[in-house]
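Tertiary structure, described
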Amino acid sequence: MGKERRLLTLVICLVLGGGLTAAVLGASRAAGPHGGTVAGRPAPSDYVDIRDVPRAPNAAPAPGADGSAGSVLVDCGRNQQGHYNEDNLVVSPGLRAGAHHTHAYVGNLSTDAMSTDASLDAAATSCAGGDRSTYYWPVLRRLDRPGTRPHEHSAGHGNAGEILPEVSVLVEFRGSPVSKVVAMPRFLRGITGDAVAYTAGSDADVRARWGCSGSPDRPTTRYPRCPEGERVTRTLVFPSCWNGIDTAGAGHRSHLRFPGTNGVCPPDFFPVPELRVSLAYEVPAGVPVALDSFPEQRHSPKTDHAMFVNVMTDRQMAVVVDCLNEGRTCRT
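Being a predicted model, the structure only gives us computed values, none of them experimental.

Moving on, we get to the overall build of the protein chain. For the protein chain, the count of helices and strands is five helices and 19 strands. Once local pairs closer than 6 in sequence are excluded, the contacts in the protein chain between residues at least 24 apart make up 73%.

What follows is the structure in structure tokens.
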């Protein structure tokens, strides 16, 4: 059984694009780059007082005359339905519990490993305007309380503790500062962040930013300790340049790219609406938290990630594109 588990970890690391180094470390359960074993709780260095995080200058390029300065908020609730599972439709379709950790969802209420384009299209949704897209991310847990539901132990993969419910979930689409955007194709799959960042040897795909509600200008890749009364936040921004052909790609990333720091997409890629998922949590002062992760990733905050599948109808997507390109603020 131990040999089978090590082999499964090796395969998952390779599928997720963590590289041979990540796979070998995961299979052997070697020491992490910060010292100590890779299993268990996050290291003390994974936490930071938000007051010690430097203020970040606004590095976004200024909107130009040809840009698409609008924004669209999609009201999908905050998972009041309790939609959780250990599946990952984008990364490991057809494999039950393939994530080895628990994901929380908003949007499409049917999403699991066995979902198909047809089943997603026919399902109910938590989004008020009828968007059947699925948006999901690993849960955050408080470590001072035990889990009370079977999935909160994530099939014995070391993800224990009480799941913290999101007190707010903001699903937002933004335009490009330098050009108009084109429609995302239906059933486009997307991923942001790096689920194997702890062992990857590079932060190239680390995209999520943590913070506190009272200090939005202090983003960090560590778990923030916030002042009493402030919320812990997570911001997950997806790539917004599409190759114009594929709805999925090698490593789940090749068909979508991030624009450059100047806002321009790579050659032969087209700007599409930029998806941002912003999460907020009530965390009592001093309570340790940890992100669900693969065992060898040791709950590192850098492994934060999120996925989505666009199931908007062509008409719904056209409304989003028009709003962005016309510079309006809209809500669906």
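Turning next to the confidence of the model for the protein chain. Mean pLDDT over the protein chain: 88, with 86% of residues reaching 70 or higher. Low pLDDT, under 50, characterises residues 1-39; the stretch is placed with 56 contacts to residues that sit more than four places away or in other chains.

In space, the six strands of this open sheet follow the order S10-S12-S16-S8-S2-S19, with mixed pairing throughout. Each of the sheet's edge strands pairs with one partner strand only, and the pair in question is strand S10 (209-212) and strand S19 (329-331). For this sheet the average axis-to-axis angle between neighbouring strands, irrespective of direction, equals 20°. Relative to strand S16 (residues 274-281), strand S12 (residues 232-237) runs antiparallel, the two being bridged by six bridges. Of the residues in S16, the one forming a bridge with Val-237 is Arg-276. Across the sheet, helix H5 (residues 314-325) touches strand S2 (71-74), strand S8 (168-174) and S19, and the angle it forms with S2 is around 140°.

Moving on, we get to the state of the cysteines. Scanning all chains against the criterion turns up four disulfides. Here Cys-76 is linked by a disulfide to Cys-127, with a sulfur-sulfur distance of 2.0 Å. Between Cys-76 and Cys-127 the disulfide shows an S-S torsion of about 90°. By sign, it is right-handed. Of the two residues, Cys-76 is situated in the loop between S2 and strand S3 (84-85) and Cys-127 in the loop between helix H3 (117-122) and strand S5 (134-138); the sequence distance between them amounts to 51 residues. For Cys-76, a relative accessible area of 1% translates into the label buried. Overall, Cys-127 belongs to the buried group, its relative accessible area being 5%. Note on cysteine connectivity: Cys-212 is disulfide-linked to Cys-226, with sulfurs 2.0 Å apart. Its S-S torsion of approximately -90° makes the covalent link between Cys-212 and Cys-226 left-handed. On the criterion of sequence distance, the pair formed by Cys-212 in strand S10 and Cys-226 in the loop between strand S11 (223-225) and S12 is long-range, its members being 14 residues apart. Here Cys-212 matches Cys-226 in class, with each residue buried. With its bonded cysteines labelled in order along the sequence, the protein chain shows the pairing 1-2, 3-4, 5-6, 7-8.

Each value, and the rule that gives it
Residues numbered from 1 in each chain as written. Predicted model: local features only at pLDDT ≥ 70, side-chain atom pairs only at ≥ 80, totals over all residues. Heavy atoms only, no water. Helix = DSSP H or I, 4+ residues; strand = E, 2+ residues; numbered from the N terminus. Contact = heavy atoms within 4.5 Å. pLDDT = per-residue confidence, 0-100. Pairing = 2+ DSSP bridges. Axes fitted to C-alpha atoms, helices over the stretch in contact; angles between N-to-C directions. Disulfide = S-S within 2.5 Å. Buried < 20%, exposed > 50% of the residue type's maximum accessible area, 1.4 Å probe, protein only.

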